[in-house]
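# Geometric and topological summary
Below, each chain spelled out in residue letters.
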Amino acid sequence: MSVTELEFQAQSAAGPVQAIEGRSQWRLTWRRLLHDRMAIASGIVIVIVVGLALAAPLFARLTGHGPNQLFPNTGLSVNGIPVGPGHNFWLGTDEQGRDLFVRILYGARISLFVGVVTTAIATVAGVGIGLVAGYFGGWIDTVLARFIDAVLAFPYVVLALALAVVLGPSLPVVVGVIAFFSWAGISRIVRGQTLSIKEREYVESARSIGASPWRIMVIDILPNLLAPVLVLATLSIPTAIVFEATLSYLGLGIQPPTASWGNILAGAQNYYNVAWWYLIFPALALLITTLAFNLLGDGIRDAMDPRTERLFAADTARRRLRRSKPAKAGGAGTADVAGA
Amino acid sequence: MAFGRFLIRRLLSGIVVLWVVSLAAFLLFFARPHNTVARELAGRAATPQTLQLVNKELGLNDPITVQYGHFLDRLVHGDLGYSFLDGESVNTIIAQDLPRTASLVAGAMVLWLVVGLGVGILSATRARSLFDRLATIGVLGGISMPTFVLGQLLLIGVFLQLNRHGFTWVQNGYEGPSQSIIGWAGHMILPWITLATVSAAVYSRLSRGSLLDTLGEDYIRTARSKGLSERRVVFKHAVRAALTPVVSQLGIDVGTLLGGVVVTESVFSIGGIGQDSVQAIVQGNLPVIIGFVLLAALFVVVANLIVDIVYSLLDPRVRLV
């Protein structure tokens, strides 16, 4: 009878062992995320925004106002000034008497489309280039890393403007330009991670049994990168949305009359002293959406970081300490947390 | 001695960067649809003959190599050429625009470094306190806020309200500091806040994370166990080491900063390099575009040089090579 068997018997003799459920990394992350009220609220907000964007034609039919339909009689006051929020136009109208609410909903479609598509392109390109640069090293890495640095350091708004002028502003150009300036950040992180992961023993063992570089990259390295990439991708969506809005605001993105949050806000610029709603509502839509994505990305980042749990634990411990010894708080408490 | 060699090397590579950037801008212009400039000058109804004449006048009919030769020749003599549209010297335009843009960037930089680092240090030393939580939400709000939206909101919420109630210090547009410093600050205060907010948010977040990591190091524990005051531990021992990643971020962020400048100047009609460059790009005013692009590239090169020097001062392990 071996030692382990003895132990096993001793354990079973002591009574039924509480079953310890095996939890995968993803399930642990998910559990931590569910505890983050801010992240959950942001997720719900995002679902609502997406739902409203998808339902835009429905609302257009409900209100009877098309996104580009002019209402010179009901949508403008006698002086030709946009009318404010009310029963007929829920969020007021713009300077041409168009329904602002319907236009904001259609603008959401553009913003979300640009955000998601550019992020998808940038993620695939960023991960691919980062993996290749980090794994192969040598001159390939030197060239790619220089290129990544150059893209990151370039005054991208200026170059994006120039490209938009040269190619003519349109939705595909906007998507292409934003994607071009979004992959480099992802690439840099992926490259750095790949550099350290490829030195691990299990990668070496995969190589020694004859796995091809591509197989190692996709099967052995890539799964370890999913966590940081997911966070980066979530945070890249709001950046792309703001980028699109900025291009459209400067007149070089989505062209009117197609509604986009950026060009609605550009139009609002000349009316801010007579029609506050014209500026405030699209600005709110933009801000709420980007904030929700940023909060969610931040929540996912925290949930994936095993240190978060310890931070929470240290926090609770410190509070307990402070409650029991109110006189001796401060320096000592902080030192404990920092050392933990 | 080593520093002198470092400086020379960096200056030489800086000149190469400037040359590459100017070449790129030059080539990009020729990718544009033909005749844009001539049409802009001669009007939509211009006959082909007029367009030809305008092109000839501006030297746009010459082969691209000849045009580039002229351009380089002038550049070496410190002459950036003349605007296609009104014949104004690009040197004059830059001399007129630069103080405006410099006022904007310098003020905003002071603001965001003070606010960003201040909030970052306070959040890190009071991690998970109420202040830290509020700061985190504020930081995410700042990052989520598009620059042009913030500018417009400040216009409607602050500029308009204050002026309506007879408080006219806060103004739109630009006024040089030579007349009155107070008036200049009144014109610049909203643009400063607009440009600084995003960066302040990013920097407070970076410095918080970096300082939290540093405060967990063994040498900090040693410093504490020596009986040093908490203030001394944080400011003398931790902040200096924690600042190095923040400073290197400064070099990377110069490009983002230039984008912010374009937007901020457009919102507040400051009429500096950012606003005029949008106009020049839309109009296809090549000499002005290239002048601005060269200036921007020079700014990037110099800023990165300064960042590297500051970096070596902060972290004695880094050697300038």
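Residues numbered from 1 in each chain as written. Chains lettered and ligands numbered in written order. Predicted model: local features only at pLDDT ≥ 70, side-chain atom pairs only at ≥ 80, totals over all residues.

### Details of the overall build of chain B
- Secondary structure assignment for chain B yields 13 helices and zero strands.
- Of the regular secondary structure in chain B, the N- to C-terminal order runs α-α-α-α-α-α-α-α-α-α-α-α-α.
- A burial count over chain B gives 37% of its 321 residues as buried.
- The long-range share in chain B, meaning contacts at least 24 apart out of those at least 6 apart in sequence, stands at 71%. (Helix = DSSP H or I, 4+ residues; strand = E, 2+ residues; numbered from the N terminus. Buried ≥ 20, exposed ≤ 12 C-beta atoms within 10 Å, placed from the backbone. Contact = placed C-beta atoms within 7 Å.)

### Thoughts on the nonpolar core
- Counting residues in each nonpolar core, the largest one holds 153 residues, and the members touching the most others are A:Ile104, A:Ala160, A:Leu161, A:Leu265 and B:Ile289.
- Top contributing element to this core by residue count: helix H5 (residues 100-136) of chain A, with 17 residues.
- Beyond its immediate sequence surroundings of up to four residues, A:Leu161 is in contact with A:Leu250, A:Leu252, B:Val278 and B:Ile281. (Core = buried A, V, L, I, M, F, W, Y, C linked by C-beta atoms within 7 Å.)

### Description of the confidence of the model for chain B
Residues and elements named next belong to chain B.
- When pLDDT is averaged along chain B, the result is 82, and 93% of the positions lie at 70 or above.
- Element-level pLDDT for chain B is lowest in helix H2 (residues 36-42), with a mean of 67, against a maximum mean of 90 in helix H5 (residues 90-125).
- Scoring of the predicted complex yields 0.80 for pTM and 0.77 for ipTM. (pLDDT = per-residue confidence, 0-100.)

### As for unusual backbone geometry
- Between A:Pro256 and A:Pro257 the backbone carries a cis peptide bond, its omega angle lying at 10°.
- Looking at where A:Pro257 falls in the secondary structure, it is placed in the loop between helix H10 (213-249) and helix H11 (261-268).
- Within the chain, B:Ser269 stands out as a residue other than glycine whose phi angle is a positive 40°.
- The residue B:Ser269 is located in the loop between helix H11 (254-268) and helix H12 (273-283) in this model.
- Residue classification places B:Ser269 among the exposed positions, given that 11 C-beta atoms sit within 10 Å.

### Comments concerning H5(A)
Residue and element names in this part refer to chain A.
- Here H5 contains 37 residues, and its C-alpha end-to-end distance of 53 Å stays within 8% of the 54 Å for a straight helix at 1.5 Å per residue.
- A large share of H5 lies buried, amounting to 27 of its 37 residues.
- Looking one or two residues past H5, Gly137 carries a phi angle of roughly 65°, positive in sign. (Expected span 1.5 Å × (residues − 1).)

### Notes on the interface of chain B and chain A
- Each partner contributes to the interface: chain B provides 37 residues, whereas chain A provides 37 residues.
- Partitioned by chemical class, the residues of the side of chain B that touches chain A number 24 nonpolar, eight polar and five charged. (Nonpolar A, V, L, I, M, F, W, Y, C, P; charged D, E, K, R; others polar.)

### Topic: the domain arrangement of chain B
- Taken domain by domain, chain B holds domain 1 (2-76) and domain 2 (97-314).
- Measuring from the centre of the C-alpha atoms in domain 1 of chain B to the corresponding centre in domain 2 of chain B gives 33 Å. (Domains from an automatic or database assignment.)

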